[in-house]
Amino acid sequence: MLWRKFFKLLTAGLLLSNVVHADMTIDVVGVGASQYPIAIAPFQNENQQKQALTPVISDDLTRSGLFKVIGAGDLSPVPFAPEQVNYTAALAKGAQTMAIGRVTPDAGGFNVQFWLIDLASKKPLITWERKATAGQMRRVAHQIADLIYQQITGQPGAFNSRIAYVLKQGARFELQVSDADGFASQAILVSKQPVMSPKWSPDGGKLAYVSFEDQKPVVYVHELASGRRWKAAGFKGSNYAPAWSPNGRELAVVLTQSGSSQIYLVNTDGSDLRQLSRGGEINTEPAFSPDGRFIYFTSDRGGSPQIYRMNSNGSNTERVTFQGGYNSSAKLSPDGKNMTFITRDGGYRAAIMDLSSRQVLTLTDSGSDDSPSFSPNGQMILYETKAGGRGVLAAVSSDGRVKQRLRAQAGDVRQPAWGPVLR
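Nothing here was measured: the structure is a model prediction, and the numbers come from that model.

Along the protein chain, the regular secondary structure elements total three helices and 31 strands. Taken over C-alpha atoms, the radius of gyration comes to 23 Å for the protein chain, in line with the 22 Å a tight globule of 423 residues would show. Each principal axis of the C-alpha distribution contributes one length, and for the protein chain these read about 75 × 45 × 40 Å. Going through the 423 residues of the protein chain one by one, you find that 53% of them count as buried. A separation threshold of at least 6 residues defines the contact pool for the protein chain, and within that pool the share at least 24 residues apart is 46%. Working note: accessible area of the protein chain is about 17,400 Å², and carbon and sulfur atoms make up 47% of it. Averaging the locations of the 45 positively and 35 negatively charged side chains of the protein chain gives two centres separated by 3 Å.

What follows concerns the packing of helix α1 (residues 53-63) against helix α3 (residues 137-153). Taken N-terminus to C-terminus, the directions of α1 and α3 make an angle of 45°; their axes are 8 Å apart at the nearest point. The orientation of α1 with respect to α3, classified from their angle, is oblique. The hand of the α1/α3 crossing is right-handed. Touching L53, V56, I57, D60 and L61 of α1 are M137, R138, V140, A141, H142, I144, A145 and I148, all from α3. When the residues that make up the contact of α1 with α3 are grouped by side-chain class, the tally is 10 nonpolar, one polar and two charged.

On to unusual backbone geometry. Note that the residue after S76, namely P77, is joined by a cis bond; omega there is 0°. Mapped onto the elements of the fold, P77 is located in the loop between β4 (67-71) and α2 (87-92). With a phi angle near 60°, A184 is a residue other than glycine that sits in the positive phi range. Tracing the backbone shows A184 in the loop between β9 (172-179) and β10 (186-191). One non-glycine residue with positive phi stands out, namely Q415, at about 50°. When you line up the elements, Q415 lands in strand β31 (residues 412-421).

Attention now goes to the sheet that holds strand β21 (residues 306-311). Pairing within the open sheet is antiparallel, and its four strands lie in the order β19-β20-β21-β22. Edge positions in the sheet fall to β19 (283-288) and β22 (318-319), since each of these pairs with one other strand and no more. Where β19 meets strand β20 (residues 294-299), four bridges bridge the pair, whose relative direction is antiparallel. Bridge pairing in β20 places T284 opposite T298.

Attention now moves to the pairing of β21. Burial analysis of β21 places five of its six residues in the buried class, the great majority of the element. Here six bridges tie β20 to β21, and the two strands are oriented antiparallel to one another. Note on β21: the bridge partner recorded for F297 is Y308. In this structure, β21 lies alongside β22, joined through two bridges in antiparallel fashion.

For the rest of this paragraph, the subject is the layout of surface pockets. Taken as a whole, the largest pocket encloses approximately 920 Å³ of empty space. Forming the walls of the largest pocket are 39 residues, and the residues nearest its centre are K199, W200, K331, L332 and W418. Elements that contribute at least two residues to the lining of the largest pocket include exactly β11 (195-200), β15 (239-244), β19, β23 (327-332), β27 (370-374) and β31. The element contributing the most residues to the lining of the largest pocket is β31, with six residues.

So, about the packing of aromatic side chains. For the coordinates displayed, the defined rule picks out six aromatic pairs. Arranged with centres 6.3 Å apart and planes meeting at 15°, the rings of Y209 and Y220 form a pair that is stacked. Pair noted here: Y209 is in strand β12 (residues 206-211) and Y220 is in strand β13 (residues 218-223), with a separation of 11 residues, a long-range link. Exposure remark for Y220: the relative accessible area of 5% places this residue in the buried category. The interplanar angle of 25° and the centroid separation of 6.0 Å between the aromatic rings of F297 and Y308 together place this pair among those described as stacked. Taken together, the positions of F297 in strand β20 and Y308 in strand β21 put the pair 11 residues apart, joining distant regions of the chain. Given a relative accessible area of 6%, Y308 falls into the buried group. In this structure, R138 is placed above the aromatic ring of F183, and the distance from its NZ or CZ to the ring centre is 3.9 Å.

Criteria and cut-off values
- Residues numbered from 1 in each chain as written.
- Predicted model: local features only at pLDDT ≥ 70, side-chain atom pairs only at ≥ 80, totals over all residues.
- Heavy atoms only, no water.
- Helix = DSSP H or I, 4+ residues; strand = E, 2+ residues; numbered from the N terminus.
- Rg over C-alpha atoms; globule rule 2.2 N^0.38 Å.
- Buried < 20%, exposed > 50% of the residue type's maximum accessible area, 1.4 Å probe, protein only.
- Contact = heavy atoms within 4.5 Å.
- Areas by Shrake-Rupley, 256 points an atom, 1.4 Å probe, with all protein chains shown as cover.
- Lys, Arg positive; Asp, Glu negative; His and termini not counted.
- Charge placed at Lys NZ, Arg CZ, Asp CG, Glu CD.
- Axes fitted to C-alpha atoms, helices over the stretch in contact; angles between N-to-C directions.
- Parallel < 35°, antiparallel > 145°, perpendicular 65-115°, else oblique.
- Left-handed = near helix turned anticlockwise from the far one by under 90°.
- Nonpolar A, V, L, I, M, F, W, Y, C, P; charged D, E, K, R; others polar.
- Pairing = 2+ DSSP bridges.
- 1 Å grid on protein atoms, 1.4 Å probe; cavity = no way out; pocket = protein on both sides within 12 Å on 5 of 7 lines; lining within 4 Å.
- Points joined across faces, edges and corners; volume = space filled by probe spheres on them.
- Phe/Tyr/Trp six-rings, centres within 6.5 Å; stacked < 30°, edge-to-face > 60°.
- Lys NZ or Arg CZ within 6 Å of the ring centre and 35° of its normal.

Spelled out as structure tokens, the structure:
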């Protein structure tokens, strides 16, 4: 949370990077009130791949806290198509549905087929296939897990998405991107100067972030596919706290060029700067509503840090939070119905507000939470916290029941941002 953070400027250089690091691991420390039982059989020929599909599918569903995954590799024979399912044996395992599939060689790669079978009616709920290369198998597995999640829960899945975060090791800062499950982590920027506040573009193809490489905070936009990056806000004074507009063409940023911290709108190429907020000494942490109508932000204009909302043109500012003496770091759910934020409630904790009723639920019991970010389906919230004296990432479901902790092998992990589902 920018309100509580202060970075000392360091004195070394910067490196654009594609360094691959050891993956993070995720511990599930809480589950849903009830878990849906699903059997998953090994896919035919999947063990011939560098990455088998069903272990990834099983891990995704298990981590959600909503599924009880039942192994079906001991069925004889193991079914690879609907006509091969022994329904009596599958039902005896206590499952309601079964995932089966196969991987077959195809021109230039492989063909992956998948079925989700309702064991009571003996009918497929999902029939799906796609072509993929050997290097795409993990992505395919996440897609299948998303399909299962949506079929059973009625909500879109978010397993086939990515997260960004800052890893600090000594005097070294790395901006990393990984799959949502912590695998395939890659440093896209390595620097001995602080890097902070990564934010995903709506299409998932770019990151905006703050770098101190110019001996002051400057907002950059980084195109992930090409590695190309440019300054989007390098104006007089400090430039920080970028937030993408829903159309992906503008950024809300915080500048101190007038002496106080105010929120501005700027095109992603750095042109057409317009001031939005006025009043208060500190206005920071802007976040757009999904429809682009509003910008939520933190301000001290009422005497303590609270969350406010203004129209996206800067008009009609109104206060949103009234409970407690400290609220900051607002982010909106993808449907715009809920807001996650950090509240001071016996410590700094992640919370959620229903924006229609203004009811607040504190989601965590830790005391050093920061930088909350909704998953693409709005069902989970990713945030930074402390464990064992260092920064770690954690996630909590929007009802507070399911809790996860992502552990890196070394260093402090900070300021996560959850990106959109990959297409």
